[in-house]
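# Coordinate analysis (summary)
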Amino acid sequence: MSSSTVHDGPITEAPASEVELTIGGMTCASCAARIEKKLNRMDGVSATVNYATEKARVSYGGAVQVADLIATVVRTGYTAEEPPPPRPEPEAEAEPGDTTAVRDPELAALRQRLLVSAALALPVVLLSMVPALQFDNWQWLCLTLASPVVVWGALPFHRAAWTNLRHGAATMDTLVSVGTLAAYAWSLWALFFGHAGMPGMRHGFDLTAGRTDGSSALYLEVAAGVVTFILLGRYLEARSKRKAGAALRALMELGAKDVAVLRGGREVRIPVGALAVGDRFVVRPGEKIATDGTVVEGSSAVDASMLTGESVPVDVTAGDAVTGATVNASGRLVVEATRIGGDTQLARMARMVEEAQNGKAEVQRLADRISAVFVPVVLLLALGTWVVWLLLTDDPTAAFTAAVAVLIIACPCALGLATPTALMVGTGRGAQLGILIKGPEVLESTRRVDTVVLDKTGTVTTGRMTLTGVRAAEGVDEAELLRLAGALEHASEHPVARAVAAGAAEAAGELPAPASFESVAGLGVRGTVEGHEVLVGRELLLTDHGIALPAPLAAAKAAAEADGATVVLVAWDGAARGVLSVADAVKGTSAEAVSRLRALGLTPVLLTGDNKAVAAAVAREVGIDEVIAEVLPQDKVDVVRRLQAEGRTVAMVGDGVNDAAALARADLGLAMGTGTDAAIEAGDLTLVRGDLRVAADAIRLSRRTLATIKGNLFWAFGYNVAALPLAAAGLLNPMIAGAAMAFSSVFVVTNSLRLRSFR
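Calculation rules
- Along each chain, residues carry numbers from 1 onward, in the same order as the chain's sequence is written.
- Given that this is a predicted model, residues contribute local features only at a pLDDT of at least 70 and side-chain atom pairs are listed and counted only at 80 or more, while totals for whole chains, interfaces and linings are drawn from all residues.
- Hydrogens are left out, water is left out, and the side-chain values use all remaining heavy atoms of the structure.
- By definition here, a salt bridge exists when the distance from a side-chain nitrogen of Lys or Arg to a carboxyl oxygen of Asp or Glu is within 4 Å.
- Every helix listed is a DSSP run of H or I at least four residues long, and every strand listed is a run of E at least two residues long, numbered separately from the N terminus.
- Here the nonpolar core consists of buried residues drawn from Ala, Val, Leu, Ile, Met, Phe, Trp, Tyr and Cys, with membership extended through side-chain atoms lying within 4.5 Å.
- Only protein chains enter the area calculation, which uses a 1.4 Å probe; residues under 20% of their type maximum are buried, those over 50% are exposed, and those in between are partly exposed.
- Only heavy atoms enter the contact rule, under which two residues are in contact if any of them lie within 4.5 Å.
- Any two of the Phe, Tyr and Trp rings considered here, Trp counted by its six-membered ring, make a pair once their centres fall within 6.5 Å; the pair's planes then place it as stacked at under 30 degrees, edge-to-face at over 60, or tilted in between.
- Lysine NZ or arginine CZ positioned within 6 Å of the ring centre and within 35 degrees of the ring normal marks a charge as sitting over the ring.
- We call two strands paired when DSSP finds no fewer than two bridges between them.
- The patches reported here contain residues having more than 30% relative accessible area and no salt bridge. Joining distances are 9 Å for like charges and 5 Å for nonpolar side chains (Val, Leu, Ile, Met, Phe, Trp, Tyr).
- Per-residue accessibility takes into account occlusion by the displayed protein chains alone, with areas from the Shrake-Rupley method and a 1.4 Å probe.
- Charged-residue counts in this description rest on Lys and Arg as positive and Asp and Glu as negative, His and the chain ends being excluded.
- The atom standing in for a charge is NZ when the residue is Lys, CZ when it is Arg, CG when it is Asp and CD when it is Glu.
- What the arc covers is the set of directions going from the helix axis to the C-beta atoms.
- Lines are fitted to the C-alpha atoms to define the axes, a helix being fitted only along its stretch in contact, and any angle between axes, read from their N-to-C directions, falls within 0 to 180 degrees.
- UniProt positions are given in the numbering used here, feature names are shortened, and annotations may be inferred rather than shown by experiment.
- In this scheme, roughly parallel covers angles under 35 degrees and roughly antiparallel covers those over 145, while 65 to 115 is roughly perpendicular and the rest are oblique.
- Crossings are classed by handedness, with left-handed meaning an anticlockwise turn of the near helix from the far one by less than a right angle and right-handed meaning a clockwise turn.
- Charged means Asp, Glu, Lys or Arg here, nonpolar means Ala, Val, Leu, Ile, Met, Phe, Trp, Tyr, Cys or Pro, and polar covers whatever is left, Gly included.

This paragraph deals with the pattern of salt bridges. A full pass over the atoms with the stated rule returns 26 salt bridges. When the shortest N-O distance is used, the salt bridge between Glu592 and Arg693 registers 3.3 Å. Of this pair, Glu592 sits in helix α20 (residues 590-599) while Arg693 sits in helix α25 (residues 693-728), placing them 101 residues apart in sequence. Look at the salt bridges and you will find they share partners, linking Glu592, Arg596, Asp691, Arg693, Asp697 and Arg700 into a network.

Here it is, written out as structure tokens:
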């Protein structure tokens, strides 16, 4: 969705402020839905709560303050606070098999609860399921081992269920708490008041809701096993969620921590946070560049792979812009800071990724609405299952087993995780590859796009004049032609002259200094180089000096102009010596990029303000059939509108201020990160490096992320739709149901993590 189509109608009053709150205590998607509902009921408040990132993004106005928002969340039964200033993240948790302590305190506590519960529950499950292991009074050992699991292991579930009950709500924790406590309570009754506590009692295990004598039926293995399975699911889910957010955390930690600033000619090392715009700082080989700036002294190669995904270092020298967090690979640089703090490219990238992760796609809103009503419906379904079984079979044990299985299996956790985890991993992976996705609604747009409009200058081409052709007259050495022409053009500031000088220096080496130099307005330059009277410029300059153009050079000139190049003629000592062609060169990767876009089912269209000859030449070189040339900057948006009127869904790729309106108007705007701030703000996707191939990667990644979200939702919906009838029909033992429920969430998160391997 383009930024121009976000709102359906006129906006009467924009929210005054926006804040991001860190939410604590959420255990499932229905928790997030409840908080969102309560916040949105406040006057002038618009809130989105994300279960996976545990954040709420809230727009508020009028008399509402942040303290009021926090108070509302607390009254709903959860905690809320403004995020603290960024600080180094705790190191990642231990990998499987690693016995070192987990650094994340919440994960460490969950891990400890899981390990203790598993150690206590395993003997209970084995003794209850395998009659051959049962000895006299085995059931009392099971009660001793299961009690800490039900009371302490499941304490987070009981605590959350009680909090929600006090607020008149029910969540997934309610289902787990009610189910395990019911199984435990039945077992206590059977042990103390029924026949289950008799010495010599034996107990079998049935995968379904089998019929037995209720007074001798024990559910201790269900109570302990379900708690352990769900703790395991929670732990794996928490680990996976940390992995899903790892790309964003890595992005935010890329920056340098301190910097050597020049103060009175001396280097003083200060924290990066103390840098000011205009400060000059030194970057030695191997060091990170502290912030965005301009090189004022030195030359080097800069490795920007961590920001752009581009593995080849970029050469920089005085006057070139550099980006914070990139690495100086070779020479010493002195850089003047132009952006600091939250204005740097790194900070803006991190902010854009985080905003995308906190957003919600339309499919997620549907899942949230279902989750909000799901738990009360399941409680009623469990009660109905118990009543129907009792009426049909008159067997309280089977009725109880089926009802508990319904409670345990129905948790909508996988629904709540389906979209946010895929979005976290997809946007994080995109950031690593230099692709910034502005929001989840962008993903829907990438699926529908069928036409991609490519701005020519700076997108398909380099955006700067380059020497593209040299034709020397008969008997003239090409190297000498370039040396003499380049020497004279080197003294000129004209863009065409600079292109000739740069090309000559590259091909012929060091250029001699001219003995005399004069610029002829609108025609070219003349001067003396190594004793030769040299003219470089348009044909009229040579004509004014009585120099005619031989037929071979005239033919070369005509051919170059037909291809849209600017022609520069060179003469010395009264004779024409050669023809030089200068053009905005096509990027070496553009042809490959166009073929990749075609492979995605997109029709490329070249859009430019240049003349038709130039546009046609560029289109031929990169393989584009449809060209729209000689378009004024303000008319680009009309071209996009016209294509849309033809029934096309249009993506636009551009980099300049004059592309901003068209980027906003397009169904999908892709802004080159090497371009202007206006273009980047207007785009839906930002391509951090100026390589058009990344546009194809961006669309491919967006489509893959959307497909993963839809696959997750299909699994989550399908799981609940299939599992609930099985549980209600008595075909699932509650412990099997608990294991299935826990691993449905793990499956969804693991499926999302596959996006980390996107290439």
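Now, onward.
The biggest cluster of nonpolar side chains holds 108 residues, and the ones touching the most others in it are Ile23, Met26, Leu39, Val58, Leu69, Leu454 and Leu670. Those residues in contact with Leu69 that sit more than four places away from it in its chain are Val19, Leu21, Leu39, Met42, Val45, Val58, Tyr60 and Val64. Core analysis: the second largest hydrophobic core is formed by 40 residues, Val520, Ala565, Val567 and Ala583 among them.

The next subject is the packing of aromatic side chains. Scanning the model with the defined rule gives six aromatic pairs in all. Taking the centre distance of 6.0 Å and the plane angle of 90° together, the rings of Trp186 and Tyr219 count as edge-to-face. Within this pair, whereas Trp186 is found in helix α6 (residues 172-192), its partner Tyr219 is found in the loop between α6 and α7 (220-244), the two being separated by 33 residues in sequence. Take Trp186: its relative accessible area is 15%, and that puts it in the buried class. Residue classification places Tyr219 among the buried positions, given a relative accessible area of 6%. Through a chain of ring-to-ring contacts, the aromatic side chains of Trp186, Trp189, Tyr219 and Phe400 assemble into a single cluster. A cation over an aromatic ring shows up here: Arg113 above the ring of Trp152, its NZ or CZ 4.8 Å from the ring centre.

Within the open sheet, the six strands sit side by side as β6-β5-β7-β13-β8-β11. Their pairing is antiparallel. Looking at the sheet topology across the chains shown, the edges are occupied by β6 (266-271) and β11 (321-322). Judged from the four bridges that link them, strand β7 (residues 280-283) and strand β13 (residues 333-337) form a sheet pairing that is antiparallel. Opposite Val282, over in β13, you have Val334 as the bridge partner.

Before going further, it helps to examine the pairing of strand β19 (residues 532-537). Of the pairings in the sheet, the one linking strand β18 (residues 524-529) to β19 comprises six bridges and is antiparallel in character. In the strand pairing of β19, Thr528 is matched with Glu533. Hairpin remark: β18 followed by β19, antiparallel, with two residues in the connecting loop; positive phi at Glu530, about 50°. Pairing of β19 with strand β20 (residues 566-572), which is carried by four bridges, proceeds in the antiparallel orientation.

Glancing now at the environment of Lys612. You can see Lys612 is positioned in helix α21 (residues 612-622). Considered as a pair, Lys612 and Ala629 are 17 residues apart in the sequence and their alpha carbons are 5.4 Å apart.

We now examine the environment of Val58. Note that Val58 resides in strand β3 (residues 55-60). Residue classification places Val58 among the buried residues on the basis of a relative accessible area of 0%. Each C-alpha atom, one on Val58 and one on Glu36, is 9.4 Å from the other, the two residues being 22 residues apart in sequence. The contact partners of Val58, leaving out residues within four places of it in the chain, are Ser17, Glu18, Val19, Leu21, Leu39, Val45, Ser46, Ala47 and Leu69.

The next thing to look at is the pairing of strand β2 (residues 45-50). Taken across its six residues, β2 has five buried, putting it largely inside the fold. Here β2 runs beside β3; their pairing, made up of six bridges, is antiparallel. Across the sheet, the residue bridging to Val49 is Ala56, located in β3.

Before going further, it helps to spend a moment on a positive patch on the surface. Taken together, the side chains of Lys37, Lys38, Arg41 and Arg75 define a basic patch exposed on the protein surface. One can find Lys38 in helix α1 (residues 29-40).

All buried positions along helix α22 (residues 636-645) are accounted for by Lys636, Val637, Val639, Val640, Leu643 and Gln644. In a view along the axis of α22, the buried residues occupy a sector of 160°, so they form one face of it. Contact partners of the buried residues in α22: β15 (451-455), β22 (603-607), β23 (626-628), β24 (650-654) and α23 (660-665). Positive backbone phi, at 95°, marks Gly647, one or two positions downstream of α22.

In this model, Ala325 sits at a positive phi of 80°, which is unusual for a non-glycine residue. Summarising the element assignment, Ala325 is placed in the loop between β11 and β12 (327-328). Residue class for Ala325 comes out buried when judged on its relative accessible area of 1%.

Looking now at the sheet that holds β2. Reading across the sheet, the four strands line up as β2-β3-β1-β4 and stay open at both edges, with antiparallel pairing between neighbours. Each edge of the open sheet carries a strand with a single partner, namely β2 and β4 (79-81). With strand direction ignored, the average angle separating the axes of adjacent strands in the sheet is 25°. With six bridges joining them, strand β1 (residues 17-24) and β3 adopt antiparallel strand pairing. When the sheet's bridge partners are listed, Leu21 is paired in β3 with Ala56. Sheet strands touched by α1: β1, β2 and β3. Its angle to β2, the strand with the most contacts, is close to 170°.

Let us now look at the UniProt feature "transmembrane region" (unreviewed entry) in the protein chain. In the UniProt entry, the feature "transmembrane region" (unreviewed entry) is given for residues 114-132, 138-155, 175-196, 216-236, 370-392, 398-419, 712-729 and 735-753. Within the segment residues 138-155, helix and strand shares are 94% and 0% respectively, and the terminal C-alpha atoms sit 25 Å apart. The span residues 712-729 shows a helical share of 94% and a strand share of 0%, and its end C-alpha atoms are spaced 26 Å apart.

A cluster of nonpolar side chains, namely Leu122, Leu126, Met129, Val130 and Leu133, defines an oily patch on the protein surface of about 400 Å² accessible area. Among the secondary structure elements, Leu126 is positioned in helix α3 (residues 105-129).

Taken N-terminus to C-terminus, the directions of α3 and helix α4 (residues 138-153) make an angle of 150°; their axes are 9 Å apart at the nearest point. Put simply, α3 runs roughly antiparallel to α4. Every pair of crossing elements has a handedness; the one defined by α3 and α4 is left-handed. Facing Gln112, Arg113, Val116, Ser117, Leu120, Ala121, Pro123, Val124, Leu127 and Ser128 of α3, the residues of α4 in contact are Trp138, Leu141, Cys142, Leu145, Ala146, Pro148, Val149, Trp152 and Gly153. Class assignment of the residues belonging to the contact of α3 with α4 gives a composition of 14 nonpolar, four polar and one charged.

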